[in-house]
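Coordinate analysis (summary)
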Amino acid sequence: MTDCNFVLNLSCEDKPGIVAAVTTELASSGANIGESAQFWDRHTGRFFMRIAFAVPKRVSKEDIERVLKPAVERFGLKTTITDLVNRPKIIIMVSKFDHAMLYLLYQIRVGWLDAEVAAIVSNHEDSRRTAELEDIPYHYWPVNRDNKAEQEEKLLDLVRATGADLVILARYMQVLSDNLSKRLYGKVINIHHSFLPSFKGAKPYHQAHTRGVKLIGATAHYVTPDLDEGPIIEQETERVTHAMSADDFVATGRDIESRVLARAVKLHLEGRVMLNGLTTVVFSQ
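A brief structural summary. What you are looking at is a predicted structure, and each value in this text was computed from that prediction instead of being measured.

About the thresholds
Numbers given to residues run from 1 along each chain, matching the order in which its sequence is written. Residue-level local features of this predicted model are given only where pLDDT is at least 70; pairs of side-chain atoms are given and counted only at 80 or more, and the full residue set underlies all totals for whole chains, interfaces and linings. To obtain the side-chain values, all non-hydrogen atoms of the structure were included, while hydrogens and water were left out. What counts as a helix is a DSSP run of H or I of at least four residues, what counts as a strand is a run of E of at least two, and both are numbered from the N terminus. Only protein chains enter the area calculation, which uses a 1.4 Å probe; residues under 20% of their type maximum are buried, those over 50% are exposed, and those in between are partly exposed. Residues are treated as being in contact if the distance between any of their heavy atoms lies within 4.5 Å. Two rings from Phe, Tyr or Trp (for Trp, the six-membered ring) form a pair when their centres sit within 6.5 Å of each other. Planes less than 30 degrees apart are called stacked, planes more than 60 degrees apart edge-to-face, and all others tilted. Criterion for a charge above a ring: Lys NZ or Arg CZ within 6 Å of the ring centre, and within 35 degrees of the ring normal. To estimate the expected span of a helix, subtract one from its residue number and multiply by 1.5 Å. Throughout, bend refers to the angle between the axes fitted to the seven residues that end at a position and the seven residues that start at it. Note on definitions: angles span 0 to 180 degrees between N-to-C directions of axes, and those axes are lines fitted to C-alpha atoms, for helices only across the stretch in contact. Comment on the angle field: the value is read as roughly parallel under 35 degrees, roughly antiparallel over 145, roughly perpendicular from 65 to 115, and oblique elsewhere. Each helix crossing is assigned a hand: it is left-handed if the near helix lies turned anticlockwise from the far helix by less than a right angle, otherwise right-handed if that turn is clockwise. Classes in brief: Ala, Val, Leu, Ile, Met, Phe, Trp, Tyr, Cys and Pro nonpolar; Asp, Glu, Lys and Arg charged; the others, Gly included, polar.

Looking at where Ala-262 falls in the secondary structure, it is placed in helix α8 (residues 246-269). Relative accessible area serves as the criterion here: at 1%, Ala-262 is assigned to the buried category. Apart from residues lying up to four places away in sequence, Ala-262 is in contact with Tyr-103, Leu-104, Trp-112 and Leu-113.

Throughout the structure, instances matching the rule amount to two aromatic pairs. With 5.9 Å between their ring centres and 25° between their planes, Phe-6 and Phe-53 make a pair best called stacked. Of this pair, Phe-6 sits in strand β1 (residues 6-13) while Phe-53 sits in strand β3 (residues 46-54), and the two are 47 residues apart along the sequence. A cation sits over an aromatic face here: Lys-266 above Trp-112, 4.8 Å from the ring centre.

Its 15 residues place the ends of helix α2 (residues 61-75) 20 Å apart at the C-alpha level, agreeing with the 21 Å of an ideal helix rising 1.5 Å per residue. At Leu-68, α2 shows its largest bend, some 45°, and a proline, Pro-70, comes one to four positions later. Buried-residue contacts for α2 involve β1, α1 (18-28), β3 and β4 (78-83). Among the residues trailing α2, Gly-76 stands out with phi positive, at a value near 65°.

Between α1 and α2, the least distance of the axes is 9 Å, while the angle of their chain directions is 165°. With respect to α2, the element α1 is oriented roughly antiparallel. The crossing of α1 and α2 is right-handed. Each of Ile-18, Ala-21, Val-22, Glu-25, Leu-26 and Ser-28 in α1 lies in contact with α2, whose residues at this interface are Ile-64, Val-67, Leu-68, Pro-70, Ala-71, Arg-74 and Phe-75. The residue makeup of the contact of α1 with α2, split by class, is 10 nonpolar, one polar and two charged.

Dropping the structure here:
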């Protein structure tokens, strides 16, 4: 992405003049637009736009909000302005399978993913050593039927205390409650070990192997009360054959899960994903 200070996301009922009004107001504050993408959903009549721009150092987020106010009121814009100077904070949740988490940490280390890991949360102790090596606070919170609500309140407290912008379920094998899913809607991304068809329960790749599946994949989506049915952010598939073993399926699946989750996290943190009812508008780079 070009060197920009801010990202503006907006949505509203589609009307003539939105782009002209917004860009004119930004120009009045000295903004130089580095990226611009827009989408008109003809089915809902909604308009979506993402603008990444640079402004002089003297211009603050509050200044931008002020100059945009006439356009916001005129068109009924719903806006979000992200200050790119502030490195986004994430919380990674993981169970025993740590491949997706390790891939995220690597992409952060090499600079492809710009984020600060505020904490790693797990219902197992397996990843504590990794957290210690990365100097990341580690929270071991076992979950059972009796303490689930208590542990989820701890997570909400942790989100507030760290100022985390996003919670990532990197193969965290616990179902979040409806209450938590609603309270953090749009701020929790899960990686689901399936494209279609879906195999639920234990050993999904072994089930796929038994059924002779020819295409496997992974889906990254926002978490909602409907398990694994949240708005989809990113997907990938790969062909498999009868000559591959169930372990080959697992290895292929782990690679896909890691890549898809990392791409989804990057898209979200760069303000490239906008919720549109049950679906998403994704402005790829």
